[in-house]
Amino acid sequence: MKISTKGKYYGNLNSERAFNGILLTKYDYHEDRTPWHYHENPYFMYVLDGNMKDCNKKVKSLCPAGSLMFNNWQEAHYGSKHSTEASGFHLEFERKWLKENGIPLNLLEGSQLIENPKLHLLFAKLYHEFLISDNCSDVSVEVLLLQICEALSNLKEINSQKNPNWVDGLKELLHYDTSTLSLDYLSNELKVHPVHISRAASKHLSMSLGEYMRQHKIKKAIPLLLNSNNSLTEIAYQTGFSDQSHFNRVFKSIFNISLSTYRKKINENL
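**Side note on empty space enclosed by the protein**
The gaps of empty space that remain are located by a probe, the size of a water molecule, rolled over the atoms. A full pass over the atoms with the stated rule returns one cavity of 30 Å³ or more. For the largest cavity, the calculated volume is near 240 Å³. In this structure, the largest cavity is lined by 21 residues; those nearest its centre are Tyr10, Tyr29, Thr34, Met52 and Gly79. Of all the elements in the fold, those that place two or more residues in the lining of the largest cavity are strand 4 (37-39), strand 5 (43-49), strand 6 (51-56) and strand 9 (77-81). At five residues, the largest contribution of residues to the lining of the largest cavity is made by strand 9. Of the residues in the lining of the largest cavity, the class split is seven nonpolar, 10 polar and four charged.

**Observations regarding the pattern of salt bridges**
Following the criterion strictly, the structure yields five salt bridges and no others. Lys219 is paired through a salt bridge with Glu115; the nearest N and O atoms lie 3.3 Å apart. In this pair, Lys219 sits in helix 7 (residues 209-225) while Glu115 sits in the loop between strand 11 (112-114) and helix 2 (117-132), placing the two residues 104 residues apart along the sequence. Owing to a relative accessible area of 8%, Lys219 belongs among the buried residues under this scheme. Across the pair Glu211 and Arg214 runs a salt bridge whose closest N-O atoms are separated by 3.3 Å. Pair noted here: Glu211 and Arg214 are both in helix 7, with a separation of three residues, about one helical turn.

**Notes on the packing of helix 4 (residues 165-176) against helix 5 (residues 183-190)**
In a pair of packed helices, the angle between the axes and the distance between the axes together describe the arrangement. The geometry of helix 4 relative to helix 5 is characterised by a closest axis approach of 10 Å and an angle of 130° between their N-to-C directions. Considering the angle they form, helix 4 stands oblique to helix 5. Judged by the twist between their axes, the crossing of helix 4 over helix 5 is right-handed. Judged by residue contacts, Trp166, Gly169, Leu170, Leu173 and Leu174 of helix 4 engage Tyr185, Leu186, Glu189 and Leu190 from helix 5. For the contact of helix 4 with helix 5, the residue count by class is seven nonpolar, one polar and one charged.

**Let's talk about the nonpolar core**
If you look at the biggest cluster of nonpolar residues, it comprises 51 residues, and the most contacted ones within it are Leu91, Leu126, Ile218 and Phe255. Tallying contributions element by element places helix 2 first for this core, with nine residues. Apart from the residues within four sequence positions on either side, Phe255 is in contact with Leu121, Ala124, Lys125, Ile218, Ile222 and Tyr262. Within the second largest apolar cluster, 17 residues are counted, among which are Leu174, Leu190, Ala200 and Met207.

**Topic: the packing of helix 4 against helix 7**
Taken N-terminus to C-terminus, the directions of helix 4 and helix 7 make an angle of 35°; their axes are 9 Å apart at the nearest point. In contact with Leu170, Leu174 and His175 of helix 4, helix 7 contributes Leu209, Tyr212, Met213 and His216. Each residue belonging to the contact of helix 4 with helix 7 can be placed in one class, and the counts come to five nonpolar, two polar and no charged.

**Concerning helix 5**
Of all the residues in helix 5, the buried ones are Leu186, Ser187 and Leu190. Taken end-on, helix 5 shows its buried residues confined to a sector of 100°, consistent with a single buried face. Seen from the buried face of helix 5, the exposed residues on the opposite side, beyond 90 degrees, are Asp184 and Asn188. Turning to helix 5, the residues buried within the fold contact helix 4, helix 6 (194-205) and helix 7. Once helix 5 finishes, Lys191 follows within two positions and takes phi at roughly 60°, a positive value.

**Some details on helix 6**
Note: α-helices contain 3.6 residues per turn, so residues at a spacing of three or four share the same orientation. For helix 6, with 12 residues, the first-to-last C-alpha span of 16 Å sits near the 16 Å given by 1.5 Å per residue. Listing the buried residues of helix 6 in full gives Pro194, Ile197, Ala200, Ala201, His204 and Leu205. An end-on view of helix 6 places all buried positions within 135° of arc, on one side of the element. The exposed set on the far side of helix 6, more than 90 degrees from its buried face, consists of Arg199 and Lys203. Phi for Ser206, located one or two positions after helix 6, is positive at around 70°.

**What about the pairing of strand 10 (residues 86-93)?**
Summarising burial for strand 10: eight of the eight residues are buried, a large majority. Across eight bridges, strand 3 (residues 22-29) lies against strand 10 in antiparallel orientation. Across the sheet, residue Thr25 finds its bridge partner in strand 10, namely His90. Here six bridges tie strand 5 to strand 10, and the two strands are oriented antiparallel to one another.

Rules used throughout
- Each chain has its residues counted from 1, running along the sequence as written.
- In view of the model being predicted, local features appear only for residues whose pLDDT reaches at least 70, and side-chain atom pairs are presented and counted only at 80 or more, with totals across whole chains, interfaces and linings using the full set of residues.
- Side-chain measures were taken over the full set of non-hydrogen atoms in the model, leaving aside hydrogen atoms and water.
- In the cavity and pocket records, a cavity denotes points on a 1 Å grid over the protein atoms alone where a 1.4 Å probe fits but cannot get out, a pocket denotes an open set with protein on both sides within 12 Å along at least 5 of 7 lines, and lining residues are residues with an atom within 4 Å of a point.
- Grid points are joined across faces, edges and corners, and a volume is the space filled by probe spheres set on the points.
- Elements are defined by DSSP. Helices are runs of H or I of four residues or more, strands are runs of E of two residues or more, and each kind is numbered from the N terminus.
- Residue type decides the class: Asp, Glu, Lys and Arg count as charged, Ala, Val, Leu, Ile, Met, Phe, Trp, Tyr, Cys and Pro as nonpolar, and the leftover types, Gly among them, as polar.
- Definition used for salt bridges: Asp or Glu carboxyl oxygen within 4 Å of a side-chain nitrogen of Lys or Arg.
- Burial classification: accessible surface area is computed with a 1.4 Å probe over protein chains only, and a residue below 20% of its type maximum counts as buried, one above 50% as exposed, and the rest as partly exposed.
- Lines fitted to C-alpha atoms define the axes here, with helix axes fitted over just the stretch in contact, and angles between the N-to-C directions of these axes take values from 0 to 180 degrees.
- Throughout, the term roughly parallel applies to angles under 35 degrees, roughly antiparallel to angles over 145, roughly perpendicular to angles from 65 to 115, and oblique to all others.
- For any helix crossing, the convention is left-handed if the near helix is rotated counterclockwise from the far helix by under a right angle, and right-handed if that rotation is clockwise.
- When checking whether two residues touch, look at their non-hydrogen atoms; a contact exists if any pair is within 4.5 Å.
- Note on terminology: a nonpolar core comprises buried Ala, Val, Leu, Ile, Met, Phe, Trp, Tyr and Cys residues joined through side-chain atoms within 4.5 Å.
- To be clear, the arc concerns the directions from the helix axis to the C-beta atoms.
- By this rule the span expected of a helix is its residue count minus one, scaled by 1.5 Å.
- If DSSP finds at least two bridges between two strands, the strands pair.

Here it is as structure tokens:
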């Protein structure tokens, strides 16, 4: 079985940047299916455009635009493309970087689709720094990498806890339900008192319920923002914001930049 060495993925390399044991790359995917293979280093794939599927011996994961997939180095897998065009942004760790920064190798185990919105937003920020590459980007990338590892550590700790049965249902509703979510709606669906959901959510989600919901909306908006054909108003309504102004306020509170400025910088560097 083929081993993909550092920075090598199936597709055409669009651009890359290296940071002392970290490699960031953007690839355009063209093959309908790759052969079975595994990688020299652990890496994340943040799907920027198109519809992908990542398959290992245990699970097949659908990865539409905005998906975040982690693949460990010992996990054999193959990928398939289910759209005319597709592209992805990769974060690849050399194991020596993890060791030098005091990050245990077992922090990154198996292969899995990452649903946590905090990690998605950190990857969106990382991709933004990758594109603009100004004189502050090196420091910003280093900080974001450590924040990503910290978030992974917190996520692993949360996942190791024995959660009540309703928590999995809550996460599923927050991730996939397209309804206008409210505490009463969640309570009715889960058959759990709204006060209990509100109080327990921060323990099981690593943040307040409201913050999780806002971050999840922004997570869904990022791939839509990368497509200049989508208006900001359309994206706002499609991702559950009351209007563009509300969308902009929440986005700015997370990214410290307005939607219009963010989109302008992204388009300048695509």
